[in-house]
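Fold and contact review
The lines below spell out each chain.
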Amino acid sequence: MPSASTGAPVTAGAAASAPVTASVPTATATATATADSRMAPGGPGYRRMSFALFLAGVATFALLYSTQALLPLVSSDFGVSASEASWTVSAATGGLALFVLPMSALSERFGRRTLMTASLAVAVTVGLLVPFAPSIGALVVLRAVQGAALAGLPASATAYLAEEVRPKALITAIGLFVAGNSVGGMSGRVITGWVAQEWGWRVAVGTIGLIAVGCAVAFRMLLPAPRHFTRGSLRPRVLARTVRDHLANPLLCRLYAIGALFMMVFGGVYTVIGYRLAEAPFSLPQGIVGSVFLVYLVGTVSASTAGRLAGRLGRRGSLYVAGATTTAGLLLSLAGSLALVLLGLVLITAGFFAGHAVASSSVSHTAKTGRAQASALYQSAYYIGSSAGSTLGAVAFHAGGWAGTVAMGLFAVLGVVSITLFGSRAARTAARRAPVPAH
């Protein structure tokens with residue numbers, strides 16, 4: 001995927017219209033100074049920023065998927081099927097997918113940090129109400145509201161990083177945010193598994209809500225104030241034009257599709273895996289089933305090292321490796337051995353998080369204007385993929401067992417590889433048609 005500048009918007013103020021003299025910086029000098037003032041590894045504020053967004057990622061994924069490891073218990077408590085219980089996950093991710101674009105527009109007007117803080121505040125408040133849901137319908141509604149609130153985090157976070165971090169450090173910085181997602185997803189599922197085994201699913205999701213409160217407070221205290229944010233417009237016409245321009249970009253559209261397909265695999269596998277492990281021949285208790293999500297630690301490593309992988313293989317090469325790794329994991333998970341199933345989950349997780357980190361950072365790298373909207377469209381596609389994967393994975397499991405879920409995942413990975421291959425051929429064709437500069 002071709003590189004593109006991710007330079008933050010630069011405004012020169014009054015100096016932009018003044019005559020260029022020895023005492024007035026040129027536009028180039030101003031842009032260079034602005035770029036140099038962004039955060040970089042080892043520089044002022046970078047560590048605080050990284051940890052703050054890491055905590056935001058932890059809270060987001062812990063809340064978003066807080067019921068996923070508990071679906072068998074939710075099914076039993078409310079007397080519903082696996083596909084019906086899966087809506088407690090799909091409603092949250094679907095709410096996020098629907099609201100991420102409007103939230104990104106609000107972040108252009110009110111600021112990334114302000115919107116992320118407000119989103120976390122609402123989400124953790126709803127999280128403390130979820131344990132008291134009297135019915136499956138009420139639980140699904142609360143989860144949808146929680147997902148809509150969390151929509152302010154993903155796109156705003158990546159836009160914040162694109163504006164405040166130097167371009168060469170962008171993949172690494174976004175990888176750390178994605179690593180926070182993986183830690184949140186892991187800890188949420190492991191903690192809920194063990195707590196639910198002793199006290200039930202309601203106490204388990206309440207515990208996650210309290211943990212998310214702590215993460216939200218620390219996030220707000222640690223995140224540095226933005227220095228390169230330029231206030232945008234809330235006019236619907238401006239937003240519609242920005243969205244139309246992004247959707248007209250073939251590279252961005254391919255990245256959106258890749259994110260959605262990777263998440264279909266991941267959402268489907270982790271929605272259903274609890275049912276498979278709780279049934280024969282494994283028959284694992286709820287605490288052990290929840291502990292399986294420790295595999296997420298692999299995602300933390302693969303996401304945070306995605307930058308180095310892309311540096312060696314290029315962005316498309318990294319996506320091919322991520323797809324191949326995910327495919328190998330899906331096939332291994334068909335085995336009747338618990339050890340091989342766990343190894344399959346390791347590979348699926350590593351492939352997914354690497355692919356997601358590369359694709360999401362490529363969106364921020366490619367979009368030259370309207371970065372929040374570009375990231376929002378990616379996140380919308382990504383969580384639509386999650387909702388579709390959760391629902392289709394459960395339906396496939398009901399129809400054909402684990403093999404049905406794996407078949408759904410393999411079909412999605414085939415889509416990733418096909419889109420990436422098409423992009424590679426399109427890039428080669430464009431390169432051959434490019435005019436040769438005269439010497």
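Further up the page is the structure itself.
Presented here is a report on the structure given in the accompanying data block. (Residues numbered from 1 in each chain as written. Predicted model: local features only at pLDDT ≥ 70, side-chain atom pairs only at ≥ 80, totals over all residues. Heavy atoms only, no water.)

**Section: the overall build of the chain**
The following threshold applies: Going along the chain from the N terminus, every DSSP run of H or I of four or more residues is numbered as a helix, and every run of E of two or more is numbered as a strand. Any residue under 20% of the maximum accessible area for its type is buried, any over 50% is exposed, and the rest in between are partly exposed; the area is computed with a 1.4 Å probe on protein chains only. By definition, residues are in contact when any of their heavy atoms lie within 4.5 Å. Computed with the Shrake-Rupley method and a 1.4 Å probe, the accessible areas treat only the protein chains shown as cover for residues.
When you go through the chain residue by residue, the secondary structure sums to 17 helices and 0 strands. Taking all 439 residues of the chain together, 55% fall into the buried category. Partitioning the intrachain contacts of the chain with sequence separation of at least 6 by distance along the chain shows that 84% fall at a separation of at least 24. In the structure as shown, the chain presents an accessible area of about 17,500 Å², 68% of it carried by carbon and sulfur atoms.

**Examining empty space enclosed by the protein**
One water molecule sets the probe size; rolling that probe over the atoms shows where empty space is left. The line we're drawing: With a 1 Å grid laid over protein atoms only, a set of points is called a cavity when a 1.4 Å probe fits there but cannot get out and a pocket when it is open yet has protein on both sides within 12 Å along at least five of seven lines; lining residues have an atom within 4 Å of a point. Grid points are joined across faces, edges and corners, and a volume is the space filled by probe spheres set on the points. Residues are grouped as follows: Ala, Val, Leu, Ile, Met, Phe, Trp, Tyr, Cys and Pro are nonpolar; Asp, Glu, Lys and Arg are charged; all remaining types, including Gly, are polar.
In the structure shown here, the tally under the stated rule is 4 cavities of 30 Å³ or more. In this model, the second largest cavity occupies a volume close to 40 Å³. Elements supplying a minimum of two residues to the lining of the second largest cavity: α8 (154-164), α9 (170-199), α16 (338-366) and α17 (371-433). Considering each element in turn, the lining of the second largest cavity owes the most residues, 3 residues, to α9. In terms of residue class, the lining of the second largest cavity is made up of 4 nonpolar, 5 polar and no charged.

**Re the nonpolar core**
The following threshold applies: By nonpolar core is meant a set of buried Ala, Val, Leu, Ile, Met, Phe, Trp, Tyr and Cys residues that side-chain atoms within 4.5 Å join together.
Core analysis: the biggest nonpolar cluster contains 117 residues, and Met49, Leu53, Leu161 and Tyr270 have the highest contact counts within it. Sort the elements by how many residues they give to this core and helix α12 (residues 250-278) lands first, with 18 residues. With residues up to four places along the chain from it excluded, the contact list for Leu53 reads Met116, Ala157, Tyr160, Leu161, Phe177, Phe219 and Leu223.

**Looking at the packing of helix α3 (residues 71-78) against α12**
Between two packed helices, both the angle of their axes relative to each other and the distance between the axes serve to describe the pair. Note the cut-off: Axis lines are fitted to C-alpha atoms, over the contacting stretch for helices. Their N-to-C directions set the angle, which ranges from 0 to 180 degrees. In what follows, roughly perpendicular refers to angles from 65 to 115 degrees, roughly parallel to angles under 35, roughly antiparallel to angles over 145, and oblique to any angle outside these ranges.
Taken N-terminus to C-terminus, the directions of α3 and α12 make an angle of 70°; their axes are 8 Å apart at the nearest point. Classified by the interaxial angle, the pair formed by α3 and α12 is roughly perpendicular. Every residue of α12 that contacts α3 at Leu71, Pro72 and Ser75 is listed here: Thr271, Gly274 and Tyr275. Residue composition of the contact of α3 with α12, grouped by class: 3 nonpolar, 3 polar and no charged.

**Things to note about a positive patch on the surface**
Under the convention used in this document: Nonpolar side chains (Val, Leu, Ile, Met, Phe, Trp, Tyr) are joined into patches within 5 Å and like charges within 9 Å, using only residues with over 30% relative accessible area and no salt bridge. The rule for a salt bridge is simple: a side-chain nitrogen of Lys or Arg has to be within 4 Å of a carboxyl oxygen of Asp or Glu. Positive charges come from Lys and Arg, negative ones from Asp and Glu, while His and the chain ends are left out of the count. All charge positions are set by atom: Lys at NZ, Arg at CZ, Asp at CG, Glu at CD.
The grouping of Arg235, Arg237, Arg241 and Arg244 at the surface amounts to a positive patch. For Arg235, a relative accessible area of 56% gives the class exposed.

**A few points about unusual backbone geometry**
A cis amide bond links Ala280 with the next residue in sequence, Pro281, at an omega value of 10°. Along the chain, Pro281 falls in the loop between α12 and α13 (286-291).

**Let's talk about the side chain of Ser424**
Looking at the element boundaries, Ser424 is found in helix α17. Residue Ser424 is classed as buried on the basis of its relative accessible area, which comes to 10%. Not counting residues up to four positions away in its chain, the partners in contact with Ser424 are Arg316 and Tyr320.

**Considering the packing of α12 against α16**
Counted only if it meets this: With the far helix as reference, a near helix turned anticlockwise by less than a right angle produces a left-handed crossing, and one turned clockwise produces a right-handed crossing.
Their axes nearest at 9 Å, the elements α12 and α16 cross at an angle of 155°. Classified by the angle their axes make, α12 and α16 are roughly antiparallel. Crossing of α12 over α16 shows left-handed handedness. Its residues placed into classes, the contact of α12 with α16 shows 21 nonpolar, 5 polar and 1 charged.

**Some points on helix α2 (residues 46-64)**
Here is the rule: Here a helix's expected span is defined as the number of its residues, less one, multiplied by 1.5 Å.
Over its 19 residues, α2 runs 27 Å from end to end, which matches the ideal 27 Å to within 8%, given 1.5 Å per residue. In terms of burial, α2 is a largely internal element, 15 of the 19 residues being buried.

**Description of the packing of aromatic side chains**
Worth spelling out the cut-off: When the centres of two rings from Phe, Tyr and Trp lie within 6.5 Å, Trp using its six-membered ring, the rings pair. Their planes under 30 degrees apart give stacked, over 60 give edge-to-face, and anything left gives tilted.
Summed over all chains, the structure comprises 11 aromatic pairs. Pairing Phe352 with Tyr382 gives two aromatic rings, centres 6.2 Å apart and planes at 20°, and the pair type is stacked. You can see Phe352 sitting in helix α16 and its partner Tyr382 sitting in helix α17, a full 30 residues away along the chain. The same class applies to Phe352 and to Tyr382, which are both buried.

**A few points about the pattern of salt bridges**
For the structure on display, the rule yields 2 salt bridges. Notably, a salt bridge pairs Glu163 with Arg112, separated by 2.4 Å at the nearest N-O pair. Here Glu163 is found in helix α8, whereas its partner Arg112 is found in helix α6 (residues 112-129), with 51 residues between them in sequence.

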